[in-house]
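# Chain and residue survey
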Amino acid sequence: MALTNTSSWIGDGSDQSVLKSSSSEDGVSTISFSSAKKGTPFNIRLDAMNDFVQMKSFFFEIQATNTSDSSLAVGLVSKNGFLPGWKTKGYFYNGNITNGSAGLILGFGSPIKSGDTIGVYLHRESGPCRVIFYHNHRCLGDGFSLAVINDVLYPCLHLSGKATVKFPMPARDNFPTIFQREEVVHDHVNDPYSGKWVIEQALKGPDPHELFLPSNSKFIFTIAKIDKTPSNGNMQQYQLHIKICNSFRTSFRTEGKIDSRDKIEAFGPCMCTLMLPSPECAMIEGFIQSAIKSDNGVCMECFRTITKGEGEKLVLSGPTAEIKCTRYVEVFEPVESIS
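From a predicted model like this one, the values you see are computed outputs, not experimental measurements. (Residues numbered from 1 in each chain as written. Predicted model: local features only at pLDDT ≥ 70, side-chain atom pairs only at ≥ 80, totals over all residues. Heavy atoms only, no water.)

### Here we look at the pattern of salt bridges
It is possible for side chains of opposite charge to pair when their charged atoms get near one another. How we decide: Salt bridges are identified by distance alone: a Lys or Arg side-chain nitrogen within 4 Å of an Asp or Glu carboxyl oxygen. Helix and strand assignments follow DSSP, with helices taken as H or I runs no shorter than four residues and strands as E runs no shorter than two, numbered in order from the N terminus. Only protein chains enter the calculation, and the probe is 1.4 Å; a residue is then buried if its accessible area is under 20% of its type maximum, exposed if over 50%, and partly exposed in between.
Enumeration according to the criterion identifies 8 salt bridges in this entry. Notably, a salt bridge pairs Glu-200 with Lys-313, separated by 3.3 Å at the nearest N-O pair. Here Glu-200 is found in strand β15 (residues 195-204), whereas its partner Lys-313 is found in strand β23 (residues 313-317), with 113 residues between them in sequence. A relative accessible area of 45% places Glu-200 in the partly exposed class. What makes Lys-313 partly exposed here is its relative accessible area of 35%. Two residues, Asp-259 and Arg-261, come together in a salt bridge whose shortest N-O distance is 3.5 Å. On the basis of relative accessible area, Arg-261 is assigned to the partly exposed category, the value being 27%.

Take a look at the structure:
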């Protein structure tokens, strides 16, 4: 059952910020707002709707219809925590978990963009007070797990730039049924390689032998397909990032086949940080660098093929190097305090 639309949105009092809100007959509010200048946020929160915010637990969604060149966070705030600009303290998600001024969990999700739907579930039925976030209906899990909070909490938006969003009137009994973080759904046909992969085994030749991987470390590959469509429909381009002690970034393209594996045609320039690696990481860093670093597109030791096998396995192979990876699902511990 939908609640009566008696909602209004109020700003944090920041000078020269703009807030306009209107409601349709179907109970959807359209909110257009902007900060006075980029880099200084403007906060708005729901006002009134006492029957909604007085509920012990509640769920709401924000539909971002236009957030181009802006940074938007969605979350909850108390009346006392609702202050101008960076002074607001609350429970927010903007791709990271933040209290409104500091990043508390980085990489929790992805930045909010036009067309996204963000859900926030305040769950305080028993035990700790949980704030669970949803991005395009995928559960990201608990961003916050706090001691019992008796304050009334209000839906709040935190913006640097300008945006238009829609706020559908929440239903009294329409709560999510999934609370645990869900894996990203991958396009196994058109984009089998994008995502995060953890190295399980590294082999170095020409007489293959296994390199030592420290048991207390995880070495993560991140592969991202470049959206620009190449002129040749059989060619795909990717960006690659790996963090050992140093960070390595490069790009590669696939075109054609070697047996059943996709052929890596060339690697782009390799950029890396210049920190001194720990002794146990120095060997694996040298191995990775030799396998992805090219000289004007020519690389005698570089990976030559890439393939994805059963069970979410990824293999990169070259004349003297091979790594075997599995999909990496990151686990985050929720924030227990915003002070």
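### As for the pairing of strand β10 (residues 117-123)
Consecutive side chains along a regular strand alternate between the two faces of the sheet. Put simply, the rule reads: Two strands are said to pair when DSSP picks up at least two bridges between them.
Extensive coverage of β10 is indicated by the burial of 7 of its 7 residues. Bridge analysis of strand β5 (residues 58-66) against β10 gives 6 bridges, and the strand direction is antiparallel. Residue Phe-60 lies in a different strand from β10, and its bridge partner there is Val-120. As paired elements, β10 and strand β11 (residues 129-135) share 6 bridges and run antiparallel to each other. Residue pairing across strands places Val-120 opposite Phe-133, the latter belonging to β11.

### Concerning the side chain of Arg-130
Basically, it comes down to this: Residues are treated as being in contact if the distance between any of their heavy atoms lies within 4.5 Å.
Residue position: Arg-130 is located in strand β11. Those residues within four positions of Arg-130 in sequence are excluded, and the remaining contacts are Tyr-121, Leu-122, His-123, Asp-142, Phe-144, Phe-179 and Gln-180.

### Re the environment of Tyr-134
For the record, the criterion: We call two N or O atoms a polar contact when they sit within 3.5 Å, provided that within protein one can donate a hydrogen and the other can accept it, with sequence-adjacent residues counted only if both atoms are side-chain atoms.
Among the structural elements, Tyr-134 can be located in strand β11. Tyr-134 gets classed as buried once you look at its relative accessible area, which sits at 6%. Separated by 41 residues in sequence, Tyr-134 and Tyr-93 have C-alpha atoms that sit 9.4 Å apart. Excluding its chain neighbours within four sequence positions, the residues that come into contact with Tyr-134 are Phe-59, Thr-117, Ile-118, Gly-119, Tyr-121, Cys-139, Pro-176, Ile-178 and Phe-179. Within the structure, Tyr-134 has its side chain in polar contact with the backbone oxygen of Ile-178 (distance 2.6 Å).

### With respect to the environment of Gly-90
With respect to the secondary-structure elements, Gly-90 resides in strand β7 (residues 90-93). Taking the C-alpha atoms as reference, Gly-90 lies 9.0 Å from Leu-153; in sequence the two are 63 residues apart. Non-local contacts of Gly-90, meaning those with residues more than four positions away in its chain, are made with Leu-76, Val-77, Thr-98, Asn-99, Phe-144 and Ile-338.

### Quick notes on the pairing of strand β17 (residues 220-225)
Across 4 bridges, the pairing between β15 and β17 is antiparallel. Paired with Lys-196 across the two strands is Thr-222, which belongs to β17. Sheet analysis places β17 next to strand β18 (residues 236-243), joined by 6 bridges and oriented antiparallel. Note on β18: the bridge partner recorded for Ile-223 is Leu-240.

### Observations regarding the side chain of Arg-45
Topologically, Arg-45 is positioned in strand β4 (residues 42-48). Aside from chain neighbours lying at most four places away, what touches Arg-45 is Ser-8, Trp-9, Ile-10, Val-77, Lys-79, Phe-82, Tyr-154, Pro-155 and Cys-156.

### Notes on helix α2 (residues 279-292)
One turn of an α-helix holds 3.6 residues; hence residues three or four places apart share an orientation. Threshold: Expected span of a helix, by definition, is 1.5 Å for each gap between consecutive residues, and there is one gap fewer than residues. Comment: arc refers to directions from the helix axis out to C-beta atoms.
With 14 residues, α2 extends 21 Å from end C-alpha to end C-alpha; this agrees with the ideal 20 Å at 1.5 Å per step. Every buried residue belonging to α2 is among Cys-281, Ile-284, Glu-285, Phe-287, Ile-288, Ala-291 and Ile-292, and all of these are buried. Projected down its long axis, α2 shows its buried positions confined to an angular sector of 165°, all on one face. Facing away from the buried side of α2 by over 90 degrees, the exposed positions are Pro-279 and Met-283. Packing partners of the buried residues in α2 comprise β15, β17, β18, β19 (247-258), β20 (261-267) and β24 (321-327).

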